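Residue-level structural notes
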Amino acid sequence: GDSVTQMEGPVTLSEEAFLTINCTYTATGYPSLFWYVQYPGEGLQLLLKATKADDKGSNKGFEATYRKETTSFHLEKGSVQVSDSAVYFCALRTYNTDKLIFGTGTRLQVFP
Amino acid sequence: NAGVTQTPKFQVLKTGQSMTLQCAQDMNHEYMSWYRQDPGMGLRLIHYSVGAGITDQGEVPNGYNVSRSTTEDFPLRLLSAAPSQTSVYFCASSHEAGTGANVLTFGAGSRLTVL
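Residues numbered from 1 in each chain as written. Chains lettered and ligands numbered in written order. Predicted model: local features only at pLDDT ≥ 70, side-chain atom pairs only at ≥ 80, totals over all residues. Heavy atoms only, no water.

1. Side note on the overall build of chain B
Along chain B, the regular secondary structure elements total zero helices and eleven strands. Principal axes of the C-alpha set define a box for chain B whose edges measure 40 × 25 × 25 Å. Here chain B holds 115 residues, and 47% of them are scored as buried. For chain B, contacts bridging at least 24 residues in sequence account for 54% of all contacts bridging at least 6. Taken as a whole, chain B presents about 5100 Å² of accessible surface, with 51% of it coming from carbon and sulfur. (Helix = DSSP H or I, 4+ residues; strand = E, 2+ residues; numbered from the N terminus. Buried < 20%, exposed > 50% of the residue type's maximum accessible area, 1.4 Å probe, protein only. Contact = heavy atoms within 4.5 Å. Areas by Shrake-Rupley, 256 points an atom, 1.4 Å probe, with all protein chains shown as cover.)

Now the structure itself:
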């Protein structure tokens, strides 16, 4: 079945460091791909999305490119801030189902 | 603009008790769903609905019932709570069903502890 695999955390960085969180997927259809973020004590909210191969989603300095050849959607940010500390979830949703499938989440901790 | 509202935020139950987690959205969304979040397991889909009167099972439906009598409401019922149902529950909705690309809007979550 469809699945998402993302790197385990926690990822610990100093402020202004470069961030990469890896995400790969398995899907039988043509999925849309998402990154959601969960700040402490809150629900999930959309960070960015891409709906077809080679699309790049971007928001708040974060970027991810839909790579069909490597079935990946890695999240990157050039310079993280303390306020980026949160749990990040990679997810996919295929057109032939209505289910959003999540990875296990990666906790990011940014220190000043 | 309330979005997705979940109640209660916190609940403690004893094994065998029943309860209902409420979810309401005011965005006229067709699609609604319930997830549970457990450490190291991410979010797992319990049940979902693509419209009023239509529900279906997700990955982990056992021990939970749902109904969708109106577009706005999607309650999750625990008929006989078990300690394994201790978790944080999230309700989420999106505008259309079956397109794949629509973004889910999440509620703030309901933390349930079963003793």
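2. Structural notes on the sheet that holds strand S9 (residues 75-77) of chain A
Note: strands within a sheet are paired through backbone hydrogen bonds, in either parallel or antiparallel orientation. Residue and element names in this part refer to chain A. Reading across the sheet, the four strands line up as S3-S9-S8-S7 and stay open at both edges, with antiparallel pairing between neighbours. Unpaired on one side and paired on the other, strand S3 (19-21) and strand S7 (56-59) mark the two borders of the sheet. Direction aside, the axes of adjacent strands within the sheet are offset by 15 degrees on average. (Pairing = 2+ DSSP bridges. Axes fitted to C-alpha atoms, helices over the stretch in contact; angles between N-to-C directions.)

3. A closer look at the interface of chain A and chain B
Of the residues lining the interface, 20 residues belong to chain A; the matching set on chain B comes to 25 residues. Between chain A and chain B, roughly 1800 Å² of surface is buried when both sides are summed, and carbon and sulfur atoms account for 56% of that area. Mapped onto the side of chain A that touches chain B, the elements with two or more residues apiece are strand S5 (32-38), strand S6 (44-50), strand S10 (86-93) and strand S11 (100-102) of chain A. Per-element tally for the side of chain A that touches chain B: the top contributor is S5 of chain A, with four residues. (Buried area = accessible area lost by both parts, 1.4 Å probe.)

4. Looking at the state of the cysteines
Under the counting rule described, the total for this entry stands at two disulfides over all chains. Across the disulfide from Cys23 of chain A sits Cys90 of chain A; the S-S distance is 1.9 Å. Between Cys23 of chain A and Cys90 of chain A the sulfur-sulfur dihedral comes to about -70 degrees; the bridge is accordingly left-handed. Within this pair, whereas Cys23 of chain A is found in strand S4 (residues 23-26), its partner Cys90 of chain A is found in strand S10, the two being separated by 67 residues in sequence. Just as Cys23 of chain A is buried, Cys90 of chain A falls in that class too. With its sulfur 1.9 Å from that of its partner, Cys23 of chain B forms a disulfide with Cys91 of chain B. Between Cys23 of chain B and Cys91 of chain B the sulfur-sulfur dihedral comes to about -70 degrees; the bridge is accordingly left-handed. Taken as a pair, Cys23 of chain B in strand S3 (residues 19-25) and Cys91 of chain B in strand S9 (residues 87-94) lie far apart in primary sequence, 68 residues in all. (Disulfide = S-S within 2.5 Å.)

5. What to know about the pattern of salt bridges
Side chains bearing opposite charge may pair, as long as their charged atoms lie close to each other. Throughout the structure, instances matching the rule amount to five salt bridges over all chains. Here Glu63 of chain A ties to Lys56 of chain A by a salt bridge, and the two come within 3.6 Å at their closest N and O atoms. Here Asp38 of chain B and Arg44 of chain B are joined by a salt bridge, their closest N and O atoms 2.8 Å apart. According to the relative accessible area criterion, Asp38 of chain B is buried, its value standing at 10%. (Salt bridge = Lys/Arg side-chain N within 4 Å of Asp/Glu carboxyl O.)

6. Some points on the sheet that holds strand S7 (residues 64-66) of chain B
Residue and element names in this part refer to chain B. Spatial ordering of the open sheet is given by S1-S3-S8-S7, a layout of four strands whose pairing is antiparallel. Each of the sheet's edge strands pairs with one partner strand only, and the pair in question is strand S1 (4-7) and S7. Each adjacent strand pair in this sheet contributes to an overall mean axis angle of 20 degrees, direction not counted. Of the pairings in the sheet, the one linking S3 to strand S8 (residues 76-78) comprises three bridges and is antiparallel in character. Bridge pairing in S8 places Met19 opposite Leu78.

7. Here we look at the packing of aromatic side chains
Scanning all chains against the criterion turns up twelve aromatic pairs over all chains. Centroid distance Phe90 of chain B to Phe106 of chain B: 6.4 Å. Interplanar angle 80 degrees. Geometry classified as edge-to-face. Separated by 16 residues along the polypeptide, Phe90 of chain B in strand S9 and Phe106 of chain B in strand S10 (residues 105-106) bring together distant segments of the chain. Accessibility expressed as a relative area gives 9% for Phe106 of chain B, which makes it buried. Linked through ring pairs, Phe34, Tyr36, Phe89 and Phe102 of chain A together with Tyr35, Phe90 and Phe106 of chain B together constitute an aromatic cluster. (Phe/Tyr/Trp six-rings, centres within 6.5 Å; stacked < 30°, edge-to-face > 60°.)

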